Amino acid sequence: MAISVAAAASSSVAVIAPRVPAVSTRCSAVPYLPPPRSFGRSSFTVPLKLASGNGLQKVELMKMRASSDETSIDTNELITDLKEKWDGLENKSTVLLYGGGAIVAVWLSSIVVGAINSVPLLPKVMELVGLGYTGWFVYRYLLFKSSRKELAEDIDSLKKKIAGSE
């Protein structure tokens, strides 16, 4: 009796799960990637399906040309400038200590964010807190002209405090 139940179950599975046709269909939500082209072309065109048009139309997305007017970075000049600034520093150990402290702070903050992200529901709460603070900041400092002036004055005073000119 147990053998006939297993045979009936396996035959019902074959009836329920028909074969999937081997025809591949293309999803319209996935963007079409053009084949690789040579670098000699002056523009980059991609066929896009436009809502108003029938079928695919080529739309020029970006046009870039190389010219001799572009500025190039001289690496030797950059390195010599950095060496001069490093030699001009009085407290090199303080700069290294602050740099190392910044790297450790970024590392620790990434660990804390990873731990918070692993708790279920807490990332969504943090997103809501961030959205709430962003809304408050926009209302408090960016919405009205007088508050924008106040924010600019606060930023200028902070710059002066950091630079040491205040």
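It should be emphasised that the depicted structure is a prediction, and the values quoted were computed from it without experimental measurement. (Residues numbered from 1 in each chain as written. Predicted model: local features only at pLDDT ≥ 70, side-chain atom pairs only at ≥ 80, totals over all residues. Heavy atoms only, no water.)

K.L.:
Is there a simple way to think about the overall build of the protein chain in this case?
P.N.:
Check the secondary structure of the protein chain and you find 5 helices and 2 strands. Its helices and strands in sequence order give the protein chain the pattern α-β-β-α-α-α-α, from N to C terminus. Classification of the 166 residues of the protein chain by burial places 5% in the buried group. Excluding contacts between residues fewer than 6 apart, the proportion of contacts in the protein chain whose partners are at least 24 apart in sequence is 0%. Entry remark: accessible area of the protein chain is about 15200 Å², with carbon and sulfur atoms responsible for 65%. (Helix = DSSP H or I, 4+ residues; strand = E, 2+ residues; numbered from the N terminus. Buried < 20%, exposed > 50% of the residue type's maximum accessible area, 1.4 Å probe, protein only. Contact = heavy atoms within 4.5 Å. Areas by Shrake-Rupley, 256 points an atom, 1.4 Å probe, with all protein chains shown as cover.)

K.L.:
Would you mind showing me how to read the UniProt feature "transmembrane region" (unreviewed entry) in the protein chain here?
P.N.:
If you check UniProt for "transmembrane region" (unreviewed entry), the listed places come out as residues 95-116 in our numbering. Between the end C-alpha atoms of residues 95-116 there is a gap of 31 Å, over a span that is 100% helix and 0% strand. (UniProt positions renumbered as here; feature names shortened; annotations may be inferred.)

K.L.:
How should the packing of aromatic side chains be read in this particular structure?
P.N.:
Each aromatic ring pair is described using two quantities: the centre-to-centre distance and the angle formed by the ring planes. Within this structure, the stated rule accounts for 5 aromatic pairs. On the basis of an interplanar angle of 35° and a centroid distance of 5.6 Å, the ring pair of Tyr133 and Trp136 is categorised as tilted. Remark: Trp136 and Tyr133 occur in helix H4 (residues 122-142); sequence separation between them is 3 residues, near one turn of the helix. Residue classification places Trp136 among the partly exposed positions, given a relative accessible area of 43%. For the pair Tyr133 and Phe137, a centre-to-centre distance of 6.5 Å together with 35° between the ring planes defines the contact as tilted. With Tyr133 and Phe137 both in helix H4, this residue pair falls 4 residues apart, about one helical turn. The class for Phe137 is partly exposed, based on a relative accessible area of 26%. (Phe/Tyr/Trp six-rings, centres within 6.5 Å; stacked < 30°, edge-to-face > 60°.)

K.L.:
Would you explain the pattern of salt bridges in this entry?
P.N.:
This model, assessed by the stated rule, comprises 1 salt bridge. Where Glu150 meets Arg140, a salt bridge forms, and the shortest distance between an N and an O atom there is 3.0 Å. Taken together, the residues span a long stretch of sequence, with Glu150 in helix H5 (residues 145-163) and Arg140 in helix H4 at a distance of 10 residues. For Glu150, a relative accessible area of 31% translates into the label partly exposed. Under the relative-accessibility criterion, Arg140 is labelled partly exposed at 30%. (Salt bridge = Lys/Arg side-chain N within 4 Å of Asp/Glu carboxyl O.)

K.L.:
Teacher, can you tell me more about unusual backbone geometry here?
P.N.:
Trans peptide bonds make up most of the peptide bonds, and negative phi angles are found at most residues other than glycine. Despite not being glycine, Leu121 shows a phi value in the positive range, around 75°. Structurally, Leu121 can be placed in the loop between helix H3 (92-118) and H4. Looking at Leu121, the relative accessible area reads 67%, which means it is exposed.

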